[in-house]
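Listed below are the residues making up each chain.
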Amino acid sequence: MVYWYESLFLYTVSFLVQTQGIDPSREACLNFESEYHQPKACECVTFQSYGLSTGQFHSPDYPKAYGSGINCILFNFVGDVNEIVEIKFLAMDLKGPVHVRPDKEECRDWLRIYKNLDRGEINENVKHQDELCGNLSNLKEKVFYSSGRALIMEFHTDPDSREKHTGFKGVFTFLEKNRKDRCGSSFDRHVPGRCSTGIFKTVGILRYGTQCSYDIQSGNNHTKGKFFSPRYPQRYPKSSDCVYMFMGHDNEHVKVLFKLIQLPKHSSGCDENGDIIRVYDGRDKSSPMLKTFCDNTHNQVELYSTGPYMYIEFHSDRHHEAQGFAADYEFLDKRWEGGSSPVPSDNGMSESPDGDSSAMIRKFPYLILKCNESISSKDKKNGTIKNQFYSSGIICQYDFKAEGQERIQLKFTSMDLFYSAGDPNDPFECPSQDSITVYTYKDGEEQELGQFCGKKHPQQLMSSGQRMRVLFKSMDNQKDSNSGFRIEYNFRTDFGVQGNGVQDNREVCTFMFRSTLHTTGYFTSPNYGGQYPRNTECTYIFTGRLNEVVEIEFPEFDVDGIIPRCDNPTDSDYVAFSNFLNTEDRQMRRYCGNRPSYPTVTSDAAFFRVTFRSNSKFDANGFRGRYKFKRKEETPYVTAPPSETPQHVRSNGGSRPQVDITVSIATIIFFCKSVIDHLLNVF
């Protein structure tokens, strides 16, 4: 039996235990085999991978001002054998560089980054690759990657400085370095068409005797992939000469999307710059040049060849280094793209072999104006897209652009496409049929949400960010009397969350539920009524009166994930619970999976937080939850839902509410006295 004072004791101690944050110590450096840290009297803090894990780091006392005279703090990030480290700075405020000579600046407060490490330690012979100081806006790069499994940052501050600066904050992620091809999730889930190769691995055949020249050829199962500058995402080496040769079939042409290009900044023209990318429309350098890149940074640049070949050269001189480039390629069938034109024409129409489309264009020239559209929330917040007519060999593209925190929501109100592979009300094979494909974007990278055909209405869809694309294609075949499609779109700031909460516009997808407004009610996952969007986090804050708690139950729950872990290594989306504002509650298990019902969750006190998180891989229908504020029972002991397995949750360094130390000590004394009395009675 659990007595109320024992429960009160455990409850009180849980508040007194501080969550793990940035707590450097000299003892943490003892694992180093080198003696680098000893003469500098370094302190260390280590972040160890738990299998593709992620977390936060920050300077001591952030966001308060850090102290002067910090001689050495080593931030040690150590991944598994097959992992690399990514660190991304979200904020930086260090003392700026000072001029030691008219032509030279020097950092007095600095953060040095060691990226080329085989082990999680450094010595006096290891040279740092980057030295950072000043503000975030002054940084040339905000994201850094290790070449191996470890990365170390060394933090130092000027002992004589009297300036006040807040320091730095960032996130780290351990990434799989050479992931082999795989589809679906980590277990038995399989989603066709979602396969991945290495994170930063060029998909092609390396030419014999070269370091970075590839032949990339179209095949039946190979029409798209990625390619990178040498050593990407690290800086490319000096004196690099690389060639990327793309070879498609006769009826294809090549599309290349440079997602990021970062070259040294020069004031002179391309002819005088040693670091350069040249793109040719053909099989070698004698072909017409499509584009030249030689200066600074470029993002999301698309190029198309007119024929089946594209030839790309990358050269660096002996003096400069930069991050280089990351790009995607795709071999496209020209029959979808309007003959020999590298992209669809302005009206979006492609002429079919029998001439149906061209005849339709001549007969109804006013109808084709709506086939390709760019739709921005600046112009209107909702509307409808539909096919103006239905014929063979048509390609229509609709690009949506939202603003701020808006998401794009699509609802199919009519779906009647020609389908020749069986029952159009239950289609199973869409690639060879008339179809609608919907894409969303993550960090500029296009992701397919689904391809739909026949007469079956797709579920309501929502974008992962500010962009979305809808592509309609009709095959070159005889049509029945099909009417086509009709889709309603909305630019939404409420993420499609339903319920009687009040949205907090100061945050992204945050909703407040107060018992002073409603003592009972409901709330849902984003885009409820359809599949929830990817890469989305929504927070639901419940605040009751002083003597109240809140109970939450889920009559509907379908969140993609592996029970009972519901964590990142299992590629799980999940719902998490916490009695604290900024930290995850170690006593509360996460919910995921497709369950008819989960146990009711009850808060410890008047405050409670529910968080929904989705990743970029899978989708599900989401949840509908009910809540009820009720008067707190006399017994303060609250039974949390039992965990099927231990949950290993790392804190993000938030603080717990302060408790009156006098009450805590009194509670401990009372508990100890009770235990002693019990033992005396036994013996």
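Not measured: the values here are computed from a predicted model. (Residues numbered from 1 in each chain as written. Predicted model: local features only at pLDDT ≥ 70, side-chain atom pairs only at ≥ 80, totals over all residues. Heavy atoms only, no water.)

Peer 1: Can you tell me about the overall build of the protein chain, naming the residues and giving the values?
Peer 2: Counting secondary structure elements, the protein chain contains four helices and 42 strands. Of all 683 residues assigned to the protein chain, the portion counted as buried reaches 49%. Long-range contacts, defined here as pairs at least 24 residues apart, represent 79% of the contacts in the protein chain between residues at least 6 apart. Carbon and sulfur atoms make up 48% of the accessible area of the protein chain, which amounts to about 34400 Å² in all. (Helix = DSSP H or I, 4+ residues; strand = E, 2+ residues; numbered from the N terminus. Buried < 20%, exposed > 50% of the residue type's maximum accessible area, 1.4 Å probe, protein only. Contact = heavy atoms within 4.5 Å. Areas by Shrake-Rupley, 256 points an atom, 1.4 Å probe, with all protein chains shown as cover.)

Peer 1: Could you give an account of the sheet that holds strand E22 (residues 309-315), naming the residues involved and the relevant values?
Peer 2: Pairing in this open sheet of six strands is mixed, and the strands run E14-E15-E17-E22-E19-E20 from one edge to the other. Two strands lie at the open edges of the sheet, namely strand E14 (205-206) and strand E20 (289-293), each paired on one side alone. Relative to E20, strand E19 (residues 276-280) runs antiparallel, the two sharing four bridges. Across the sheet, Ile-277 pairs through a bridge with Phe-293, a residue of E20. (Pairing = 2+ DSSP bridges.)

Peer 1: Requested: an account of the sheet that holds strand E24 (residues 373-376), with residues and values cited.
Peer 2: With mixed pairing, five strands are arranged side by side in an open sheet as E24-E26-E31-E28-E29. This sheet does not close on itself; its edge strands, each paired only once, are E24 and strand E29 (445-452). In this sheet, neighbouring strand axes are inclined to one another by 20 degrees on average, regardless of whether the strands run parallel or antiparallel. (Axes fitted to C-alpha atoms, helices over the stretch in contact; angles between N-to-C directions.)

Peer 1: Account for the environment of Arg-626, with residues named and values stated.
Peer 2: When you line up the elements, Arg-626 lands in strand E42 (residues 622-631). We classify Arg-626 as partly exposed; its relative accessible area is 37%. Among residues more than four places away in sequence, those in contact with Arg-626 are Gly-521, Tyr-522, Phe-523, Glu-551, Ile-552, Glu-553 and Pro-555.

Peer 1: How would you sum up the pairing of strand E3 (residues 73-78)? Please name residues and give values.
Peer 2: Across the six residues that make up E3, a large majority, six, are buried. Side chains Ile-73, Phe-75 and Phe-77 of E3 all project onto a buried face; the interleaved residues Leu-74, Asn-76 and Val-78 project onto the opposite face, where all are buried too. Examined bridge by bridge, strand E1 (residues 43-48) and E3 share six bridges and lie parallel to one another. The partner of Gln-48 across the bridge, within E3, is Val-78. Where E3 lies against strand E10 (residues 150-156), six bridges are found, and the strand directions are antiparallel. Each residue of the ladder has a partner; that of Leu-74, found in E10, is Glu-154.

Peer 1: Which residues make up the packing of aromatic side chains, and what values do they have?
Peer 2: Applying the stated criterion across every chain yields a total of 59 aromatic pairs. Seen from the ring of Tyr-574, Arg-590 lies directly overhead, with NZ or CZ sitting 3.9 Å from the centre. The side chain of Arg-624 reaches across the aromatic face of Tyr-522, ending 4.3 Å from its centre. (Phe/Tyr/Trp six-rings, centres within 6.5 Å; stacked < 30°, edge-to-face > 60°. Lys NZ or Arg CZ within 6 Å of the ring centre and 35° of its normal.)

Peer 1: Before we move on, could you go through the nonpolar core and cite the residues and values that matter?
Peer 2: In terms of nonpolar packing, the biggest core is built from 28 residues, with Phe-523, Tyr-540, Phe-542 and Val-575 touching the most fellow members. Listing elements by their share of this core, those giving two or more residues are strand E34 (510-514), strand E36 (537-543), strand E37 (548-559), strand E38 (574-578), strand E41 (607-613) and E42. Setting aside chain neighbours within four positions, we find Phe-542 in contact with Phe-513, Phe-523, Val-550, Ile-552, Ala-606, Phe-607, Phe-608, Val-610, Tyr-627 and Phe-629. (Core = buried A, V, L, I, M, F, W, Y, C linked by side-chain atoms within 4.5 Å.)

Peer 1: Explain empty space enclosed by the protein residue by residue, including any values.
Peer 2: What the rule picks out here adds up to four cavities of 30 Å³ or more. There is about 50 Å³ of room inside the second largest cavity. What lines the second largest cavity is Leu-449, Leu-461, Met-462, Gln-531, Tyr-532, Pro-533, Arg-534 and Asp-619. For the lining of the second largest cavity, the class distribution of residues is five nonpolar, one polar and two charged. (1 Å grid on protein atoms, 1.4 Å probe; cavity = no way out; pocket = protein on both sides within 12 Å on 5 of 7 lines; lining within 4 Å. Points joined across faces, edges and corners; volume = space filled by probe spheres on them. Nonpolar A, V, L, I, M, F, W, Y, C, P; charged D, E, K, R; others polar.)

Peer 1: A description of the environment of Met-415 should follow, citing residues and the corresponding values.
Peer 2: Here Met-415 lies in strand E27 (residues 407-416). Placed 21 residues apart in sequence, Met-415 and Ile-436 show a C-alpha to C-alpha distance of 9.7 Å.

Peer 1: Before we move on, could you go through unusual backbone geometry and cite the residues and values that matter?
Peer 2: That bond from Tyr-232 to Pro-233 is cis: its omega, 10 degrees, falls within 30 degrees of zero. As for its position among the elements, Pro-233 is in the loop between strand E16 (224-228) and strand E17 (241-247). Note the cis peptide between Ile-563 and Pro-564, where omega equals 5 degrees. Despite not being glycine, Asn-535 shows a phi value in the positive range, around 50 degrees. Here Asn-535 is to be found in the loop between strand E35 (520-524) and E36.

Peer 1: Outline the pattern of salt bridges, supporting the account with residue identities and numerical values.
Peer 2: Enumeration according to the criterion identifies 23 salt bridges in this entry. A salt bridge links Lys-381 to Glu-406; the shortest N-O distance between them is 2.7 Å. Residue Lys-381 is located in the loop between E24 and strand E25 (382-386), and its partner Glu-406 is located in the loop between strand E26 (395-401) and E27; the two are separated by 25 residues in the primary sequence. Judged by relative accessible area, Glu-406 falls into the buried class, the value being 7%. (Salt bridge = Lys/Arg side-chain N within 4 Å of Asp/Glu carboxyl O.)

Peer 1: Could you give an account of the environment of Asn-251, with specific residues and numbers?
Peer 2: Inspection of the secondary structure assignment puts Asn-251 in the loop between E17 and strand E18 (252-262). By relative accessible area, Asn-251 is classed as partly exposed at 29%.

Peer 1: Tell me about the pairing of E41, and please be specific about residues and values.
Peer 2: With five of seven residues buried, E41 is to be regarded as a mostly interior element. Across seven bridges, E36 lies against E41 in antiparallel orientation. Within E41, the residue paired with Tyr-540 across the bridge is Val-610. Inspection of the sheet shows E38 paired to E41 by five bridges, in the antiparallel sense. In the strand pairing of E41, Phe-577 is matched with Val-610.

Peer 1: I'd like to hear about the confidence of the model for the protein chain, residue by residue, with values.
Peer 2: When pLDDT is averaged along the protein chain, the result is 78; 77% of the residues meet or exceed 70. Here residues 180-197 is modelled with pLDDT under 50, and outside its nearest four sequence neighbours on either side it reaches 40 contacts, counting other chains as well. Throughout residues 337-370 the model reports pLDDT below 50, and contacts reaching past four residues in sequence, or to other chains, amount to 58 contacts. (pLDDT = per-residue confidence, 0-100.)

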